[in-house]
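Here is how the chains run, residue by residue.
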Amino acid sequence: MQHLEGSHIRLNKVTREWVIYAPNRKRRPQDTHRSSPPKLDRSQCPFCPGGTHEDEKIILELPRANGCGWQTRVIANRYPALSPMENTARSSHGIYLTMPGYGRHEVIIESPDHDKDIPTMERSEVELIVETYHHRYIDLMQQHESMMAIIFRNHGQRAGASQPHPHSQIIVTSIVPQQRRWKEEEAQRYYDDWGRCLYCDVLEFEMKEQTRVIAENDTFLAFVPFAAKVPFEINIAPKHHEADFGSITDREKVDFAAMLHEILTRLADKLNDPDYNYTINTAARYKAEEPQVHWYCQIRPRLTTPAGFEIASSVNINPSLPEWDAQFLRE
């Protein structure tokens, strides 16, 4: 069987879910240790100015507001899950289907300051992070084989963060995961029934009821979903219909950065800076202009651990009511 040593993708015949295998990521230093990795100081950090990342090609760099040095940088992930050197040709292995691990995997260094996280940044610095997201999203989605881009941030060890220096990542794939297709199909069914975007209707109801709303500005709403899977799960979504993150306007970038900064600051202040993951969930390439798809940012704190029932059933048990969580973060 080909590609056993390199990155490749296999299809689960039972669930129709793709699984990415990236053996080279086992070479990451933290993957050889089961205990908590030591916190690196500036002299050891690969993302600090003068760090080892500067030996690699800088894909994008945005300057500080005062023009002195860089504020954000984008580099290729040293241990990528996917590689642009591969292709998208499918092949069979008995009854199974596999393909090379084609894609791109980049790291977005959010600040030259080792200890400055989003809640402690100036609002203008968060705006540059969002601007960097948008730059790379537009460029990567113009690549011929790119079908979907996922921008995500892992904060804390329980969330899978491998470096304490503030950073995000973007992975671009030539496949659309089953979970994403399922959400698109549910949205399509709702649109076929009612002629309206499901997400727009959710936003309208949440703004009317207000019990799960945490904060809002002119163009974005932050709220705890009615059926949140985990405590303090939060969605940040544009109030008007927008399927593709790539369509965000300059005004929306500013408002999204402001909302992201406010919500992460509330989490840090009220929940003692919990580990969390956030993802920007946007349309697959072929759905970018569809009337039923709506992009949003999902934040999931790592406050609980899935146990046997959750693993066996895929049904989460949430010990905290969404209305309670929203009130606690709102007050």
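Residues numbered from 1 in each chain as written. Predicted model: local features only at pLDDT ≥ 70, side-chain atom pairs only at ≥ 80, totals over all residues. Heavy atoms only, no water.

Caption draft 1: Local environment of the packing of aromatic side chains. For the coordinates displayed, the defined rule picks out eight aromatic pairs. Both rings, one in Y276 and one in Y278, keep their centres 6.3 Å apart while their planes meet at 10°; by these two values the pair is stacked. As far as the burial class goes, Y276 and Y278 line up, both buried. Residue placement shows R10 over the ring face of Y21; its charged tip is 4.8 Å from the ring centre. Against the face of F328 rests K270, its NZ or CZ located 5.2 Å from the ring centre. (Phe/Tyr/Trp six-rings, centres within 6.5 Å; stacked < 30°, edge-to-face > 60°. Buried < 20%, exposed > 50% of the residue type's maximum accessible area, 1.4 Å probe, protein only. Lys NZ or Arg CZ within 6 Å of the ring centre and 35° of its normal.)

Caption draft 2: Structural view of helix α2 (residues 178–194). The terminal C-alpha atoms of α2, which comprises 17 residues, lie 24 Å apart, in line with the 24 Å expected from a rise of 1.5 Å per residue. Looking only at α2, the buried set comprises R180, E184 and A187. In an axial view of α2, the angular spread of the buried residues amounts to 65°, which keeps them on one side of the axis. Exposed residues pointing more than 90 degrees away from the buried face of α2 are listed as Q179, D192 and D193. At its buried positions, α2 is contacted by β8 (148–155), α3 (198–209) and β13 (276–281). (Helix = DSSP H or I, 4+ residues; strand = E, 2+ residues; numbered from the N terminus. Expected span 1.5 Å × (residues − 1). Arc of directions from axis to C-beta. Contact = heavy atoms within 4.5 Å.)

Caption draft 3: Molecular detail of empty space enclosed by the protein. Taken as a whole and assessed by the stated rule, the structure comprises one cavity of 30 Å³ or more. A volume near 110 Å³ is recorded for the largest cavity. Taken together, R180, K183, E184, A187, Y199, N281, T282, A283, A284, V293, H294 and Y296 form the lining of the largest cavity. When residues in the lining of the largest cavity are grouped by element, the largest group, four residues, is from α2. Residue composition of the lining of the largest cavity, grouped by class: six nonpolar, three polar and three charged. (1 Å grid on protein atoms, 1.4 Å probe; cavity = no way out; pocket = protein on both sides within 12 Å on 5 of 7 lines; lining within 4 Å. Points joined across faces, edges and corners; volume = space filled by probe spheres on them. Nonpolar A, V, L, I, M, F, W, Y, C, P; charged D, E, K, R; others polar.)

Caption draft 4: Layout of the pattern of salt bridges. The tally for this structure, following the rule as stated, stands at 19 salt bridges. For E216, the salt bridge goes to K239, with nearest N and O atoms at 2.6 Å. One end of the pair, E216, is in strand β10 (residues 213–216); the other, K239, is in the loop between β12 (234–238) and α4 (250–270), and 23 residues separate them in sequence. Taking relative accessible area as the criterion, E216 reaches 38% and is therefore assigned partly exposed. Here K239 falls in the partly exposed class, since its relative accessible area comes to 24%. The shortest N-O distance in the salt bridge between E262 and R266 comes to 2.6 Å. Highlighted residues: E262 and R266, both in helix α4, separated by four residues, approximately one helical turn. A network of salt bridges, in which partner residues are shared, links E206, E209, R212 and E323. (Salt bridge = Lys/Arg side-chain N within 4 Å of Asp/Glu carboxyl O.)

Caption draft 5: Spatial organisation of the packing of helix α1 (residues 123–141) against α4. The geometry of α1 relative to α4 is characterised by a closest axis approach of 8 Å and an angle of 120° between their N-to-C directions. Accordingly, the angle class assigned to the pair α1 and α4 is oblique. Judged by the twist between their axes, the crossing of α1 over α4 is right-handed. The residues of α4 that touch α1, namely those facing R123, V126, E127, V130, E131 and H134, are K253, V254, F256, A257, A258 and H261. For the contact of α1 with α4, the class distribution of residues is six nonpolar, two polar and four charged. (Axes fitted to C-alpha atoms, helices over the stretch in contact; angles between N-to-C directions. Parallel < 35°, antiparallel > 145°, perpendicular 65-115°, else oblique. Left-handed = near helix turned anticlockwise from the far one by under 90°.)

Caption draft 6: Structural detail: the state of the cysteines. In total, this model carries zero disulfides according to the counting rule given. We note that C297 lacks a disulfide partner, and the nearest cysteine sulfur, in C197, lies 17 Å from it. When its relative accessible area of 0% is taken as the criterion, C297 is described as buried. (Disulfide = S-S within 2.5 Å.)

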